[in-house]
Every structure is written in C-alpha cells, then in structure tokens.
Amino acid sequence: MTDGIAVEQMTEEQARTELLRLSRALARADRAYHGQDAPEISDATYDALKRRNAEIEARFPTIKRPDSPSDRVGAAPGETFAKVRHAVRMLSLSNAFTSEEVAEFDDQIRKFLNFGSEHIDYTAEPKIDGLSLSLRYEHGSLVQAATRGDGEEGENVTANARTIADIPQTLTNAPDILEVRGEVYMSHADFAALNTAQAKKGDKSFANPRNAAAGSLRQLDATITAARPLRFFAYSWGALSDPLAATQYEAVARLSALGFQTNPLTKLCKGIDALLDHYRMIELQRATLGYDIDGVVYKVNDLGLQSRLGFRSTTPRWAIAHKFPAELAWTRLEKIEIQVGRTGALSPVARLTPVTVGGVVVSNATLHNEDYIAGRDSKGALIRQGRDIREGDWVQVYRAGDVIPKIADIDPDRRIASEPYVFPEKCPVCGSDAIREEGDSVRRCTGGLICAAQGMERLKHFVSRGAFDIEGLGAKQIEAFWSDPILPVKTPADIFTLAARDAANPLQKLKNRDGYGEVSANKMFAAIDQRRTIPLARLIFALGIRHVGESTANLLARHYGTWEAFESAMTAATTGKGAAWEDLMTIDGVGAVLAASLVTAFHHPTERAAIDALVEQLNVQPADRPVGNSPVAGKTVVFTGTLERMTRAEAKARAESLGAKVAGSVSAKTDFLVAGPGAGSKATKAAALGVTVLDEDEWLTMTAVP
Ligand code: IVH
C-alpha cells in the first residue's frame, strides 16, 4: 500500500504506484459524478486526492502520467488543447460517387495485387457523419484520446472522451497497446433536445448533429462535454502490440467483444455486386437510423492484403467511401465575384441568396473558371447542355462532402439577364493584365507579388495548417497585418520580425490595440517563435510554389534531405537540361511542369529574395531519415523489366514504405536496380555505372517484412 506514505518520504517507485492509484480513483469519481450523476465520494475527499496527486507530481515531475488527473475535469481549463502526435497517422478516405467509381476501386486493387478473376472480400459499413477520435489504451486503461487534427497531430481531448458513456475506461483481455479509432457523433433525437435546451438558455443552436458533436467534444471545460449526449462507434485501429484478428470483419467483432459499440450494419461482402446491394440497403434505411451517415465505407477484408496494398499520401488503397448523392436546392445567384488566388488564378465565385442544403446554410458556390460559366468543360464539351451562368439566374446548388458547394444547373425560364457574363481580362485587384496560357483553363493575373491579392493569399497559405500553422495568426490576422500602417506584413519574413518591430516601435504597441491584450500579443509572438524551427517539408510546402502540394513537398524534402542541399540544387538547375535538372526529374512524382515551376521560382529575383530573407529567420530541420532499419532505407531504387511476383505498383509502394526512394531512371545516385526479365537499356547503364543489380528474388529477400 502506498496511500499512507507521506509524499516527502516516497521513493520514485512508490510514487509511481500511488499516481496510478490516484489516477484510477479520481477517474472513477469523475465517472460517477459526470456520467451517472451519482457521486461516490465527498467533494472534500475528492479535493484531498487531487491535492495529493499534485504534490507527488511536483516532487517527481518526470513520472507524471500522460492521463494525469491534474489535466482532467475539475482542473482549471487551459486555453487550448495540448497537441498529440499520433503513433500511426490518422488518414482520410478517398471517395466514390458512382458504381463505376466503385468498380474502378476494385479494379485498381486487383491490378495492384495481380489478382485473377476471383472476388475480393470486402466489409461494407455506414460512414458516420461525425468526427474521428483515436483512443489509446495501455495495459487495458484508457490513457489518451486525440482528435484527428491534420492526421499527424491532433488535440488531446482525453478528459472530454472520458465523459462519453460509449467509451470504455478499461478493457480486459486487450493487447497491451491498443489504439481504437472511430467516430464521435450525436443522434438526431439528442441533437434536437440539445438545440431546444440551448435556445431556452439563450445560447446558440447548432447547424447539424456533426457540428454539435464537434462543438461538444472540443470543450475546454470537460464538464460541458459530460453534459452533452455524445456517442461513439469504433471501426478501426492505430498502434497495436498484437494483431486483433486476421480480417477486418473479425477485428471489428473483437472491438465489439472488448466493449465498444460497432455499427450493426457492418457486413462482409464477396465482390462489388454484394457491396452495391448493401449500399442500396443502407441507403433505404438512412432516414430511420436516427443518426447522420453520408455514405458507405468499403474495406478489403483480409488484413494481409490491406498491408500489401498500403497507403497513398493521405488515403489507404484498401478502402473507399461510397458517398450518397449530394442534396440539391434552388436559389438565386446574386452576383459573380472574382477572387485572385496565390498563384494569380482568377476564380469566379457565385454569391447566392442563402439557402439550406443538407443541413448547412450555403451562400457561396464555386464557378471554377470562365469556360465553366460559359457552359463548357476543359476539353470544350458542353456541360448543362451548353447553358451558361449569368448574374440573377436561379441556380441549383449541391454539396458533395465537405467541399465548397457547386452549381448543378440553372433554370433558363427564370432568367433576367439578357447578356452572358463577361469574364474580366484585367486583375480586379491590381489591374494587371489577366491572361490565359495555351491549354490552361485558368486566367491568371500577371502582377506577381505587386498584386496585393497574390501576396496576401500566399501569406495565408504560408500560415495555413499543413504549412507554418501559427496559432493566433490565421487568414483574418494576415489580412489585417497586410495593410497595417505600423506593423505591415508583406512577406513571410516579416512575420518573424513582428515581435522585434513591435518592441522597437515607439508608437502604439500591439498589446494596446483593439482585439489584443498583453497576453494575446505575447502568445502570438511566442507561437511565431516556436515555428522558427520547422521541418523541411513544411517549409517547401509553405513557399506556395505552383504545383507544389504537401505530398510533392514531402518527396522533395526526402530527396534532398536538407534545406542547403535543396536550395543549392534549385539554384544550380536550369529548366530542361543539366545535372541538377536531371536529378530533380529522377524523383518519382516530379514531372517537367512541376520541376520548371520550382526552378522558375528560385530564379525569380523578388521571389528568391523573399525566400532567402525568410530562411535567414529559421532553423530548418532536415527531413526525417527514412524509417526503420531495412537495408533499403534511404537508398535509391529503380525497377526495370517485368516483375513476376508482385506488380510494379506494389513493389514501388513497398520500397517507399521501407524508406527507399524510387526513381524512374538510372543515374550515379542509384543504389539498386531491380531487373526482371526483359530489362534493357537501364540494366546496361547500371552495369556501366557500377550500380548493384538485383533480380526479383534477391529484392524480395532484402525487403522481406520480418
Ligand atoms: S475508416 C484508414 N470507417 O470518414 C481509414 N472512417 O473521410 C480510416 N468515417 O476520417 C477511416 N465512418 O472520420 C472509416 N465506418 C467508417 C467511418 C469513417 C466515418 C470518417 C472518419 C474518416 C473520414 C474519412
């Protein structure tokens, strides 16, 4: 027993045991208090336990538990949630909207695995319209709950999750480490009752059950979450010390046996016809389920096949969400406005008379580009039977998933405008010519960084989620700083000189301005400072270079390793020729258009000056060294000839998952050439360069997963 020992006399071992005991006792008390509304211990005892816990933590700070009661309900709520890095990334799903797209999904899987005509077994289950949550159990105790966030880092909502009745606090017969993933949602009935109660209290009501669930889970004061009727369906897992089962279906059954709610409409389906049958069955039941779903998720059943199929950058190859058709609504298009994006693209946006579509009020829709407005697609084929879109038209809007609403059609009988819409040929922001290059569907402002819209949009991109993601400095603040007379921010480097400029400035300090105070200004400066250390991939993505998205930025970071190597390669490269260009082009996933865009950016004097000034403010972390200790980690591999034991796609995916770089052509940097029968010029070149050549069997042995 450790509960009688005075804190100052405890050994570290005793302290550890006592912290565990206190954590359990307090968690139990919290549950009784919030969950069942039936306290088991007096407030005074509760406070004494909490104090003892805090005293032990103060004496032994290094052994504070990740689920410490100090961070739970009852503790003063912090201002934000702590960040949690997911042990296994939380991914999203790619979507299918038609049966043809489902057939394509199945086809791609078969091709990847080189499957014959045999059916693939899948599971099919409703796609719950809530928010995903990852629950970490260690030795049967819930120690952490985290939201998805950007997939790599989420928010620590452990205290909140502990108040959800569907989430077990302890598990028996579970793997030592088990991360259970699933969806937090609210039922229709609970949502309606919550909104009635909110209205009675004069509080704001929620637009739909999903927003209500998200708003309820992300409460800094977990006692509020406790009072909200949240539920949880488990459907997947992250880190595991032992496998749950050999198939998806059995793994979900195991989660159910462990005490989780799993969806009763989960079904094992042989082949895609069975999937589509189940989809129709679920669609018929959708209105009476009592909670929102927005599609059906299909997953390859065999977990061995799942692992062979692996992942693309943000989605698994072995699963897809078959979405229900989007809801439609008619409204008036009041005005067409042109927005100028960070690459100068002029994007037309429809300003609509607000209308509710699928539970959400919609007042804007994308109009894509001038061809789309005129009634043609990018290849010149007619859309909406060639009907153009004009200001004042009645339009039918739809929302598909979380994306910006779109326009399905117009009503020609209710048209008022007599002339078609004329797309501007000058940038509406800076007045520069807006031109359309041959083969491009987009008209672009030629003003570059002299265009306020481009400059501002680039900065917004710079601080966005996958980029620098600076807390307290979002799109709204960027807009304000852009035209600020005292502390202007026109380039990314200006963000990092804000604090110094504010300190040196004899005029009004930021802390004395509307919307700021000492705490919030200092917090923002601290958040900026924190981001001076930045991973290479994030920096490359943040630069906002055309065609360089998050996954390309990752490829580039892994290829070059350090900022210095990347920067000197870009400086040395000339479009279309030379060693640096050739090297850039060997990266699988980098094509000529993207490479040219990078080279142009690094050779443009103003852009280059802005990049250099920024990097001077930063400490750029080298790219993560490839994972694991596989002999191919960090090596560059080229495949040639026919592979007989796995498809080229699978071989490539496997190599990448082991940390290898896969290149399309042989160069002096190639470490291995994997040559199947029929290998030609690549094998000759490899031999000439002294590159190690492996046959398929040797390659498989080398990359065998232990
Ligand atoms: S599986 C690696 N199953 O949909 C795949 N996701 O668009 C992990 N979702 O982030 C997801 N119901 O929040 C899966 N039955 C279900 C789901 C489901 C809802 C959500 C989940 C995910 C999002 C992807």
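As a reminder, the structure under discussion sits directly above these lines.
Residues numbered from 1 in each chain as written. Predicted model: local features only at pLDDT ≥ 70, side-chain atom pairs only at ≥ 80, totals over all residues. Heavy atoms only, no water.

### Considering the overall build of the chain
Helix and strand counts for the chain stand at 25 helices and 24 strands. Against the 2.2 N^0.38 benchmark of 27 Å for 706 residues, the chain shows a C-alpha radius of gyration of 28 Å, consistent with a compact globule. Oriented by its inertia axes, the alpha-carbon framework of the chain measures out at about 80 × 65 × 65 Å. Looking at the chain as a whole, 47% of its 706 residues are labelled buried. The long-range share in the chain, meaning contacts at least 24 apart out of those at least 6 apart in sequence, stands at 66%. Seen as two clouds, the 83 positive and the 91 negative side-chain charges of the chain have centres 1 Å apart. (Helix = DSSP H or I, 4+ residues; strand = E, 2+ residues; numbered from the N terminus. Rg over C-alpha atoms; globule rule 2.2 N^0.38 Å. Buried < 20%, exposed > 50% of the residue type's maximum accessible area, 1.4 Å probe, protein only. Contact = heavy atoms within 4.5 Å. Lys, Arg positive; Asp, Glu negative; His and termini not counted. Charge placed at Lys NZ, Arg CZ, Asp CG, Glu CD.)

### Some points on empty space enclosed by the protein
The tally for this structure, following the rule as stated, stands at three cavities of 30 Å³ or more. Counted as a void, the largest cavity has a volume near 200 Å³. Leu449, Arg458, Pro492, Leu543 and Ala610 are the residues nearest the centre of the largest cavity, which is lined by 15 residues in total. Looking at the lining of the largest cavity, the elements with two or more residues in it are helix H12 (452–462) and helix H22 (605–616). Here the residues of the lining of the largest cavity are counted per class, giving 10 nonpolar, two polar and three charged. (1 Å grid on protein atoms, 1.4 Å probe; cavity = no way out; pocket = protein on both sides within 12 Å on 5 of 7 lines; lining within 4 Å. Points joined across faces, edges and corners; volume = space filled by probe spheres on them. Nonpolar A, V, L, I, M, F, W, Y, C, P; charged D, E, K, R; others polar.)

### Quick word on a negative patch on the surface
Taken together, the side chains of Glu100, Glu101, Glu104 and Asp107 present a region of like negative charge at the surface. As for its placement among the helices and strands, glutamate 101 is situated in helix H3 (residues 99–113). (Patch = residues over 30% accessible without salt bridge, like charges linked within 9 Å, V, L, I, M, F, W, Y side chains within 5 Å. Areas by Shrake-Rupley, 256 points an atom, 1.4 Å probe, with all protein chains shown as cover. Salt bridge = Lys/Arg side-chain N within 4 Å of Asp/Glu carboxyl O.)

### Thoughts on the packing of aromatic side chains
Inspection of every chain in the model, using the stated rule, returns 15 aromatic pairs. Relative to phenylalanine 233, the ring of tyrosine 185 lies with its centre 4.9 Å away and its plane at 5°, an arrangement referred to as stacked. Placement of tyrosine 185 in strand S7 (residues 177–185) and of phenylalanine 233 in strand S8 (residues 231–240) is noted, with a sequence separation of 48 residues between them. The exposure class assigned to tyrosine 185 is buried, which follows from its relative accessible area of 6%. (Phe/Tyr/Trp six-rings, centres within 6.5 Å; stacked < 30°, edge-to-face > 60°.)

### Structural notes on the nonpolar core
Within the largest apolar cluster, 60 residues are counted, with the highest numbers of intra-cluster contacts made by Ile495, Leu539, Leu556, Trp563, Leu584 and Leu598. The leading source of residues in this core is helix H21 (residues 592–603), at seven residues. If near-sequence neighbours (up to four positions away) are discounted, leucine 539 is found in contact with Phe468, Ile534, Trp563, Leu614, Val615, Leu618 and Val620. (Core = buried A, V, L, I, M, F, W, Y, C linked by side-chain atoms within 4.5 Å.)

### Topic: the site of the ligand
Looking at the ligand, there are 15 residues lining it, with Glu125, Ile128, Glu183, Tyr235 and Lys299 nearest. Between an oxygen atom of the ligand and a side-chain N or O atom of tyrosine 235, the distance comes to 3.3 Å. With the chains in place, 88% of the 520 Å² that the ligand exposes on its own is no longer accessible. Taken together, the elements giving at least two residues each to the shell around the ligand come down to strand S3 (121–128) and strand S10 (293–300). Counting residues per element, the shell around the ligand draws most heavily on S3, at four residues. Per-class residue counts for the shell around the ligand are eight nonpolar, two polar and five charged. (Near = heavy atom within 4 Å. Polar contact = N/O pair within 3.5 Å; in protein donor to acceptor, adjacent residues only side chain to side chain.)

### Here we look at the sheet that holds strand S4 (residues 131–138)
Taken in spatial order, the four strands make up an open sheet running S5-S4-S7-S8, and their pairing is antiparallel. The sheet is open, and its two borders are formed by strand S5 (141–147) and S8, each paired with just one other strand. Within this sheet the neighbouring strands show an average axis-to-axis angle of 30°, counted without direction. (Pairing = 2+ DSSP bridges. Axes fitted to C-alpha atoms, helices over the stretch in contact; angles between N-to-C directions.)

### Let's talk about the sheet that holds strand S16 (residues 406–410)
Here five strands make up an open sheet; going across it, the order is S14-S13-S12-S15-S16 and the pairing antiparallel. Looking at which strands have only one partner, the edges of the open sheet turn out to be strand S14 (360–366) and S16. Each adjacent strand pair in this sheet contributes to an overall mean axis angle of 45°, direction not counted. Relative to S16, strand S15 (residues 394–398) runs antiparallel, the two sharing four bridges. Directly across from glutamine 396, in S16, lies its bridge partner aspartate 409.

### Focus on the packing of helix H19 (residues 563–572) against H22
Where H19 meets H22, the axes come as close as 13 Å, and the angle between the chain directions of the two elements is 165°. With respect to H22, the element H19 is oriented roughly antiparallel. Of the two possible hands of crossing, H19 and H22 adopt the one that is left-handed. Here H19 contributes Trp563, Glu567 and Thr571 to the contact with H22, which in turn contributes Arg608, Ile611, Asp612 and Val615. (Parallel < 35°, antiparallel > 145°, perpendicular 65-115°, else oblique. Left-handed = near helix turned anticlockwise from the far one by under 90°.)

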